[in-house]
Amino acid sequence: MKSNRPVNLDLSTIKFPLSALASITHRISGVILFVGLIFMFWAFDVSLSSPAGFDSVKTTLQDNFLAKFVLWGMLTALGYHCLAGVKHIIMDFDIGVNLENGHTMSQVVFILAAVLAVLAGVWVW
Amino acid sequence: MLQVSVYRYNPETDKKPYMQDFEIDTKGKDIMVLDVLHLIKEKDNGMSYRRSCREGVCGSDGLNMNGKNGLACITPVSDVVKNNKLIIRPLPGLPVIRDLVVDMSLFYKQYERIKPFLINDTPEPAIERLQTPEDREKLDGLYECILCACCSTACPSFWWNPDKFVGPSGLLQAYRFLIDSRDTATKERLAELDDPFSVFRCHGIMNCVAVCPKGLNPTRAIGNIRGMLLNNAT
Ligand code: HEM
Ligand code: SF4
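Rules used throughout
- Residues numbered from 1 in each chain as written.
- Chains lettered and ligands numbered in written order.
- Predicted model: local features only at pLDDT ≥ 70, side-chain atom pairs only at ≥ 80, totals over all residues.
- Heavy atoms only, no water.
- Near = heavy atom within 4 Å.
- Polar contact = N/O pair within 3.5 Å; in protein donor to acceptor, adjacent residues only side chain to side chain.
- Helix = DSSP H or I, 4+ residues; strand = E, 2+ residues; numbered from the N terminus.
- Nonpolar A, V, L, I, M, F, W, Y, C, P; charged D, E, K, R; others polar.
- pLDDT = per-residue confidence, 0-100.
- Buried < 20%, exposed > 50% of the residue type's maximum accessible area, 1.4 Å probe, protein only.
- Domains from an automatic or database assignment.
- Buried area = accessible area lost by both parts, 1.4 Å probe.
- Donors = N, O, S within 2.8 Å, 3.2 Å for Na, K, Ca; no water.
- Phe/Tyr/Trp six-rings, centres within 6.5 Å; stacked < 30°, edge-to-face > 60°.
- Lys NZ or Arg CZ within 6 Å of the ring centre and 35° of its normal.
- Expected span 1.5 Å × (residues − 1).
- Arc of directions from axis to C-beta.
- Contact = heavy atoms within 4.5 Å.

Draft legend 1. Spotlight on the site of ligand 1. Taken together, His26(A), Arg27(A), Gly30(A), Leu33(A), Phe34(A), Leu78(A), His81(A), Cys82(A), Gly85(A), His88(A) and His203(B) make up the full set of residues adjacent to ligand 1. Neighbouring residues of ligand 1 are not confined to one chain but are distributed across chains A and B. Contact distances for ligand 1 include 2.7 Å between an oxygen atom and a side-chain N or O atom of His203(B). Residue assignment for the shell around ligand 1 shows that the elements contributing at least two residues are α1 (18–49) and α3 (65–92) of chain A. When grouped by side-chain class, the residues that make up the shell around ligand 1 number four nonpolar, six polar and one charged.

Pasting the structure below:
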């Protein structure tokens with residue numbers, strides 16, 4: 001009987017504070033960066049292979065929506081990931097490790113990341 | 001009439017847990033969630049949950065109420081209810097024995113692991129081991145923990161690694177003994193925690209701080225332990 005006991009762990013029934021959403025977004029952005037870097041390295045490799053390769057990467061990044069979107073996604077994920085990383089470092093110095101400041105710092109991270117996302121969009125397009 | 005939806009599971013008759021709805025007459029009063037459970041028990045004798053002191057001291061009735069962990073006995077319905085609907089589920093992540101009663105073995109195992117008692121290898125004084133008021137103050141915000149498990153069962157890191165990550169409650173207690181001036185086992189205690197899982201699975205999610213019914217701050221205690229581990233290593 002013991003082994004087949006159910007476990008209540010339906011995430012949709014559980015409320016998460018903003019600091020928790022900031023944390024899971026940090027992990028998601030980390031995974032996006034990891035996967036995205038594969039494409040970035042590949043494009044980097046092609047661009048260094050020959051003058052023709054450099055031109056093809058350049059024109060793709062100028063004309064292809066998908067390529068632009070991937071680049072924008074990378075920059076946005078990087079922006080968020082760095083900001084959340086800085087928040088971690090601040091907390092590592094025992095600054096603002098309480099509910100109110102944790103909430104405020106998460107808000108700041110989300111807002112600045114959104115600003116960076118817009119700036120990245122302007123720059124890419 | 002308050003609409004209440006409760007997690008039910010009877011291992012003898014149910015294959016799977018399910019949610020059961022009740023209409024509860026609170027007589028217009030802002031009663032505690034534990035009172036709501038008593039009223040449900042009047043309708044259905046089999047309704048199972050833990051409770052003892054009914055005033056936030058014993059830590060028996062930790063539950064998930066409208067998505068947030070807390071003690072049913074000190075949580076007024078008005079604190080959690082929106083749109084007249086109250087959803088009561090067992091603490092997340094632990095095996096359910098019956099209805100709202102969970103198996104706390106893993107939680108207690110982690111508590112046991114941190115050796116929750118003073119260790120002192122100096123000769124015993126005639127009367128008692130004294131502490132300066134300043135040293136005593138360092139225990140404030142730590143000794144108040146009642147082991148209700150609200151924090152650890154709200155922690156994603158504990159959900160995924162309840163056997164390896166000590167969890168917010170256990171680590172708060174670990175810190176309580178690490179900084180006690182009367183304890184001489186600081187080095188040994190730190191050595192026990194110095195691995196990638198016991199402490200370092202904490203990602204500063206802060207669900208523990210958000211739910212602790214005693215207003216304690218396990219995230220901060222964990223940060224302090226990390227600091228001690230780093231200082232110890234250098
Ligand atoms: C572009 C390269 C990067 C990649 C691929 C990357 C990837 C990752 C991944 C996969 C994680 C694990 C997420 C988790 O455990 O929650 C992580 C965590 C982390 N990253 Fe990055 N990251 C990168 C750059 C950065 C930068 C520039 C910073 C500095 C601000 C940073 C700061 C952090 C911190 C502090 C954590 C720990 C988070 C935690 O303990 O929860 N990362 N990163
Ligand atoms: S730290 Fe707070 S929530 Fe966690 S077990 Fe102790 S009293 Fe309960």
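Draft legend 2. Representation of the confidence of the model for chain B within the structure. Per-residue confidence for chain B averages 97 on the pLDDT scale, and 100% of its residues sit at or above 70. The ipTM for the predicted assembly is 0.90, set against a pTM of 0.93.

Draft legend 3. Structural context of the environment of Ala191(B). All names here are of chain B. Inspection of the secondary structure puts Ala191 in helix α7 (residues 186–193). What makes Ala191 exposed here is its relative accessible area of 55%. With 41 residues separating them along the chain, Ala191 and Asn232 place their C-alpha atoms 9.2 Å apart.

Draft legend 4. Geometry of the site of ligand 2. The environment of ligand 2 is made up of Cys145(B), Ile146(B), Leu147(B), Cys148(B), Ala149(B), Cys150(B), Cys151(B), Ser169(B), Leu172(B), Cys212(B), Pro213(B) and Lys214(B). A class-by-class count of the residues in the shell around ligand 2 yields 10 nonpolar, one polar and one charged.

Draft legend 5. Spotlight on the domain arrangement of chain B. Residues and elements named next belong to chain B. Its domain assignment divides chain B into domain 1 (2–102) and domain 2 (105–233). Its C-alpha centre places domain 1 at a distance of 29 Å from the equivalent point of domain 2. Interface of domain 1 and domain 2: buried area, both sides summed, is about 990 Å²; carbon and sulfur atoms make up 67% of it. By the criterion of area lost to domain 2, the three top residues of domain 1 are Asn69, Pro92 and Leu94, representing 39% of everything that side buries.

Draft legend 6. A look at the coordination of the iron atom of ligand 1. You will see that the iron atom of ligand 1 has only one donor from the protein, His81(A) (NE2), lying 1.9 Å away. Its location among the elements puts His81(A) in helix α3.

Draft legend 7. Fine view of the packing of aromatic side chains. Going through the model one piece at a time under the given rule, you end up with seven aromatic pairs over all chains. When the ring of Phe65(A) is compared with that of Trp125(A), the centres are 5.8 Å apart and the planes differ by 35°; the resulting orientation is tilted. With Phe65(A) in helix α3 and Trp125(A) in the segment after α4 (99–124), the pair connects residues that are 60 residues apart, well separated along the chain. What links up through ring pairs into an aromatic cluster is the set Phe65(A), Phe69(A), Trp72(A) and Trp125(A). Of note, Arg136(B) hangs over the ring of Tyr143(B), and the distance from its end group to the ring centre comes to 4.9 Å. Sitting over the ring of Phe197(B), Lys164(B) keeps its end group 4.2 Å from the ring centre.

Draft legend 8. Seen up close, helix α9 (residues 218–233) of chain B. The end-to-end C-alpha separation of α9(B) is 23 Å, in line with the 22 Å expected for 16 residues at 1.5 Å each. Considered for burial, the residues of α9(B) that qualify are Pro218(B), Thr219(B), Ala221(B), Ile222(B), Ile225(B), Arg226(B) and Leu229(B). Axial view of α9(B): buried residues confined to an arc of 160°, hence all on one face. The exposed set on the far side of α9(B), more than 90 degrees from its buried face, consists of Leu230(B) and Asn231(B). Residues of α9(B) that are buried sit in contact with α3 of chain A together with α6 (167–178), α7 and α8 (207–211) of chain B.

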